[in-house]
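Notes for the structure review
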Amino acid sequence: MKDIYVIADIHGELKKLKHIISKILIIDQNPKLVFLGDYVDRGPHSAQVIDFLLDLSKSIEYVFLVGNHDYEFFKLGLDQGIQNIKNHGFYNAGVEETLMSYNYDTSHMKRHYTNFYLELQSYHIENNNLFVHGGFNRHHHIKDHVHNNLFVLIWDRDLIMSAKSYEAMCRAEGFDSNKYKFRIHDGYDNVFIGHTPVQYFQQKHIMVLPKARIHLCDTGLGKYDNAIPQALRVHDLKIIE
């Protein structure tokens, strides 16, 4: 069985993406890569990131998930034309850099819409591990399309905030984490998410929260100049950088 490596939120940082892929291939020549979404916006090379990933997918087993930035750019923006993207509220969240990476070539964007965006998954389950961009309502089944619709899956931050609070409680004197477990409806062994940069918690490395079984893999690429490209190996929760 192949080892799975999780990579989150690339945000147009092609050089840093190539760096972490090379690090993985040094230790594992036959990995499976799960990307948690947000390939575009902020960084300077969104179009080139997708071109690179499409090429990489020809030789490496992969899973590509959708992020909120991908949805906003391709679905809400490109579906309605480039002018709509310029007028969209997300424009100042890195969309201008994405358009520049395409050199405003709508034919290139549309190829990626068809060949990449439409193939993105909203979540992935493997070996009782869940992979999703933002999070999910842990009190309901992941397939519950009312409580866990696409908007929730790509935008949620309640999961990571609840997991952080639980992790803090586990360190409190007298708290029995075996008795009061972090409840996840479907009982996943681990949940891997992106979307929320670890810098929001004054961290710079992937946050492994073993008691809650929630792991935050967004290390702030595209948003923070000193962000470190990293991946998380699933079977032993080892951080690769």
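No experiment lies behind these values; they were computed from the predicted model shown.

Our focus in this paragraph is the overall build of the protein chain. Helix and strand content of the protein chain: 8 helices and 10 strands. In terms of C-alpha radius of gyration, the protein chain reaches 18 Å, essentially the compact-globule figure of 18 Å for 241 residues. Seen through its C-alpha atoms, the protein chain measures out along the principal axes to roughly 60 × 40 × 30 Å. By residue count, 52% of the 241 residues in the protein chain fall in the buried class. In the protein chain, the proportion of contacts linking residues at least 24 apart, taken out of those at least 6 apart, comes to 69%.

Two elements in contact, helix α1 (residues 14–27) and helix α2 (residues 46–56), have axes whose closest approach is 9 Å; the angle formed by their N-to-C orientations is 25 degrees. With respect to each other, α1 and α2 are oriented roughly parallel. Here α1 runs over α2; the crossing is right-handed. Taken together, the residues of α2 that come into contact with α1 (itself represented by L14, L17, K18 and I21) are Q48, V49, F52, L53 and L56. Residue composition of the contact of α1 with α2, by class: 7 nonpolar, 1 polar and 1 charged.

Residues I4 and V6 of strand β1 (residues 4–7) are buried on one face, and the alternating residues Y5 and I7, pointing to the opposite face, are buried as well. Note that β1 and strand β2 (residues 32–35) share 4 bridges and pair parallel. Paired with I7 across the bridge in β2 is F35. Across 2 bridges, the pairing between β1 and strand β9 (residues 231–233) is antiparallel. Across the sheet, residue Y5 finds its bridge partner in β9, namely R233.

Judged from the 4 bridges that link them, β2 and strand β3 (residues 61–64) form a sheet pairing that is parallel. Directly across from F35, in β3, lies its bridge partner F64.

Among all positions of helix α6 (residues 106–115), only H108, M109, H112 and Y113 are buried. All buried residues of α6 fall inside an arc of 140 degrees around its axis, so they share one side.

Among the secondary structure elements, N129 is positioned in strand β5 (residues 129–132). Within the structure, N129 has its side chain in polar contact with the backbone nitrogen of N190 (distance 3.3 Å). Once residues within four sequence positions are removed from consideration, N129 is found in contact with H124, Y188, D189, N190, F192 and V234.

Calculation rules
Just so you know, the residues in each chain are numbered from 1, in the order the chain's sequence is written. Note on the predicted model: pLDDT of at least 70 is required for a residue's local features to be given, and 80 or more for side-chain atom pairs to be given and counted; whole-chain, interface and lining totals, by contrast, use all residues. As a convention, hydrogens and water are excluded, and side-chain values are obtained from all of the structure's heavy atoms. Working definition: helices are DSSP H or I runs of at least four residues, strands are E runs of at least two. Numbering for both runs from the N terminus. Throughout, radius of gyration means the C-alpha value; the globule benchmark is 2.2 Å times the number of residues raised to the power 0.38. Here's how the labels work: a residue is buried when its accessible area is under 20% of the maximum for its type, exposed when over 50%, partly exposed in between, all with a 1.4 Å probe on protein chains only. In what follows, residue pairs with any heavy atoms lying within 4.5 Å of each other are defined as contacts. To obtain an axis, a line is fitted to C-alpha atoms, over the contacting stretch when the element is a helix, and the angle between two such axes runs from 0 to 180 degrees between their N-to-C directions. Should an angle fall under 35 degrees it is taken as roughly parallel, and over 145 as roughly antiparallel, whereas 65 to 115 is taken as roughly perpendicular and any remaining angle as oblique. In this scheme the crossing of two helices becomes right-handed for a clockwise turn of the near helix relative to the far one and left-handed for an anticlockwise turn of less than a right angle. Note on residue categories: nonpolar means Ala, Val, Leu, Ile, Met, Phe, Trp, Tyr, Cys or Pro, charged means Asp, Glu, Lys or Arg, and polar means any other residue, Gly included. Strands qualify as paired when DSSP identifies two bridges or more between them. The reported arc concerns the directions from the helix axis to the C-beta atoms and nothing else. N or O atoms closer than or at 3.5 Å make up a polar contact, with two conditions inside protein: a donor-capable atom paired with an acceptor-capable one, and, for residues adjacent in sequence, both atoms drawn from side chains.

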